[in-house]
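What the coordinates show
Below are the chains, spelled out letter by letter.
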Amino acid sequence: MIDESLLDAPDALDRADLRGLLRSVAASGAQVRTALRAVQESPVPRLQPDGRPGTVLVAGPGPDTALTAGLLSALIDENVRVARLPATGALAAPGALRWPLPHWAGALDLLLITSTDGSEPGLGELLETAYRRGLTVVTVAPDRSSLSDLTLRRRSLTIELTHAPRVELPAHPAAPGPQWSLVTPLLYLCGRLGLCAAGEDALLALADRLDATAERCGPAVPVDANPAKALAAEFAGSLPLLWSDGLLASAAARHGAATLTGLSGLPALSADLPEAMTAHGALLGGSLTGGPEADDFFRDRVEEPPALHARVVLLRSPAVLEPPGSNFGNGGGAERPERPGRQAGTRFSAADAARELAVEQGAALSELTPTDLSTPLEAAAELIAQLDFTAVYLALTSSNRS
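Note that the coordinates shown come from a computational prediction; the quantities given were computed from them, not determined experimentally. (Residues numbered from 1 in each chain as written. Predicted model: local features only at pLDDT ≥ 70, side-chain atom pairs only at ≥ 80, totals over all residues. Heavy atoms only, no water.)

**Considering the overall build of the chain**
- Summing up its helical and strand segments, the chain has 13 helices and 10 strands in all.
- Per-residue burial over the chain gives 50% buried out of 402 residues.
- Across the chain, contacts joining residues at least 24 apart in sequence account for 73% of those joining residues at least 6 apart.
- Carbon together with sulfur atoms contributes 53% to the accessible area of the chain, which is approximately 18200 Å² in total. (Helix = DSSP H or I, 4+ residues; strand = E, 2+ residues; numbered from the N terminus. Buried < 20%, exposed > 50% of the residue type's maximum accessible area, 1.4 Å probe, protein only. Contact = heavy atoms within 4.5 Å. Areas by Shrake-Rupley, 256 points an atom, 1.4 Å probe, with all protein chains shown as cover.)

So this is what it looks like as structure tokens:
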């Protein structure tokens, strides 16, 4: 449960924000600009594209890795595969993690490695293995770290990790905002290699959109005009099911679910449409009490926690990615058949089916849509930032906060 009265009390939110989470997420745009300046001072702008990699592999211990892989999967055309390397190990500590390189990876592939610390032994082992197999390797790591030094010794490209000045980084590993310092250099790199539209102008526009979203979602904006606060209030006592329609929305949904769970402790699930309707269908239309005693009429309810109710959150990719006649965001395949009562010729999308299913099952429904569809990258950044702010508000108003 959360204390909803705090949402419209900026001073109380500031007092509760002992870890600087609001300042961190509000500085996302500044992180993009700082990282962009740093990568432009590196050798990356002098790179001359020479063909396209067969696969782009992304590895690292932080939440930025999944976000980078998701964004690149959506922005790069289907002729180039994008894959995130999963970590293995007996413990979750970065020092105990290893990133096995797939047996098929070779000289035609590009490996991107990110680290906020640069001292993880597993990343060094991955780099050595990739070097022996002839992969092109690019790392983003602190200057003079063991990872950046090893990258230079192996005649590979390293980009210095830089953060916005005068912005204190929260200690929480799931704190949103700093991830853009790692994501931005790799987006710019792929843009320079001709893999996607992520040049200087696109990234500056992304930073502007993050700033605009921070203004709309800031602590001084009341709940009725603040989409992040409104969503946090809706999430109280619910199990958010983030259903995405399209690749960019999928990247935002996965990142949002991980941040909501990791930062605020609110369990959240994400899935792509149309499969989400099957994967999460059993969660709709009822309360999630958990435990065999839930059906016991005579049980003691005094100390019983309130039941969770599923809430569907629909995220859609920008319409600019869906050319006329395409099935983008519809799971591919043939056009969906017309539904009775729907005007002839109207495309019935997976999002329409998701809305109908939520209504039929009596599940609450929220929708996140960008305010402006100028570019896909900007629209995706707005979705991500709204969910980041929502997670922060839930963390600050939770009754379990410390």
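**Focus on helix α10 (residues 247–264)**
- For α10, with 18 residues, the first-to-last C-alpha span of 25 Å sits near the 26 Å given by 1.5 Å per residue.
- α10 sits mainly inside the fold: 13 of its 18 residues count as buried. (Expected span 1.5 Å × (residues − 1).)

**Some remarks on the sheet that holds strand β5 (residues 157–160)**
- Read from one edge to the other, the open sheet built from 5 strands follows the order β2-β1-β3-β4-β5, with strand pairing classed as parallel. Each end of this open sheet is capped by a strand with a single partner; those strands are β2 (81–84) and β5. Averaged over all pairs of adjacent strands, the angle between their axes in this sheet comes to 15°, without regard to strand direction.
- Bridge analysis of strand β4 (residues 136–141) against β5 gives 4 bridges, and the strand direction is parallel. Opposite threonine 139, over in β5, you have threonine 158 as the bridge partner. (Pairing = 2+ DSSP bridges. Axes fitted to C-alpha atoms, helices over the stretch in contact; angles between N-to-C directions.)

**A look at the nonpolar core**
- Core analysis: the biggest nonpolar cluster contains 82 residues, and Val56, Leu71, Leu112, Trp180, Leu187 and Leu315 have the highest contact counts within it.
- Residues in contact with valine 56, not counting those within four places in the same chain, are Leu72, Ile76, Val80, Arg81, Val82, Ala83, Leu110, Leu112 and Leu195. (Core = buried A, V, L, I, M, F, W, Y, C linked by side-chain atoms within 4.5 Å.)

**Some thoughts on the confidence of the model for the chain**
- In the predicted model, the chain carries a mean pLDDT of 88, and 86% of its residues have values of at least 70.
- Of the regions scoring below 50 in pLDDT, residues 290–294 engages in 3 contacts with residues more than four places distant in sequence or in other chains. (pLDDT = per-residue confidence, 0-100.)

**Considerations on the environment of alanine 268**
- For alanine 268, the position within the fold is in the loop between α10 and β7 (269–272).
- You can call alanine 268 buried: its relative accessible area is 12%.
- Taking C-alpha positions, alanine 268 is 9.6 Å from alanine 310, a pair spaced 42 residues apart along the chain.
- Setting aside residues up to four positions removed in sequence, alanine 268 forms contacts with Leu239, Pro240, Ala257, Leu260 and Thr261.

**Looking at the packing of aromatic side chains**
- On inspection of all chains with the given rule, the structure shows 1 aromatic pair.
- Seen from the ring of tryptophan 104, arginine 81 lies directly overhead, with NZ or CZ sitting 4.3 Å from the centre.
- Here the basic side chain of arginine 154 rests over the ring of tyrosine 131, its NZ or CZ set 5.4 Å away from the ring centre. (Phe/Tyr/Trp six-rings, centres within 6.5 Å; stacked < 30°, edge-to-face > 60°. Lys NZ or Arg CZ within 6 Å of the ring centre and 35° of its normal.)

**Considering the side chain of threonine 184**
- Its place among the elements puts threonine 184 in helix α7 (residues 180–192).
- Taking the relative accessible area as the measure of exposure, threonine 184 reaches 1% and is therefore buried.
- Leave out the neighbours within four places in its chain, and threonine 184 touches Val32, Ala35, Leu36 and Leu203.

**Side note on the pairing of strand β9 (residues 308–316)**
- Strand direction decides the pairing type here: strand β6 (residues 238–245) and β9, joined by 8 bridges, are parallel. The partner of leucine 241 across the bridge, within β9, is valine 312.
- Relative to strand β10 (residues 364–368), β9 runs parallel, the two being bridged by 5 bridges. Its bridge partner lying in β10, valine 312 is registered against leucine 365.

**A look at the packing of α10 against helix α13 (residues 376–397)**
- Two numbers describe how α10 lies on α13: the axes approach to 9 Å, and their chain directions differ by 15°. Viewed along their axes, α10 and α13 adopt a mutual orientation that is roughly parallel. Relative to α13, α10 is oriented so that their crossing is right-handed. From α10, Leu248, Ala252, His255, Gly256, Thr259, Leu260, Leu263 and Ser264 reach across to α13, where they touch Pro376, Ala380, Leu383, Ile384, Leu387, Asp388, Thr390, Ala391, Val392, Leu394 and Ala395.
- A per-class count over the contact of α10 with α13 returns 13 nonpolar, 5 polar and 1 charged. (Parallel < 35°, antiparallel > 145°, perpendicular 65-115°, else oblique. Left-handed = near helix turned anticlockwise from the far one by under 90°. Nonpolar A, V, L, I, M, F, W, Y, C, P; charged D, E, K, R; others polar.)

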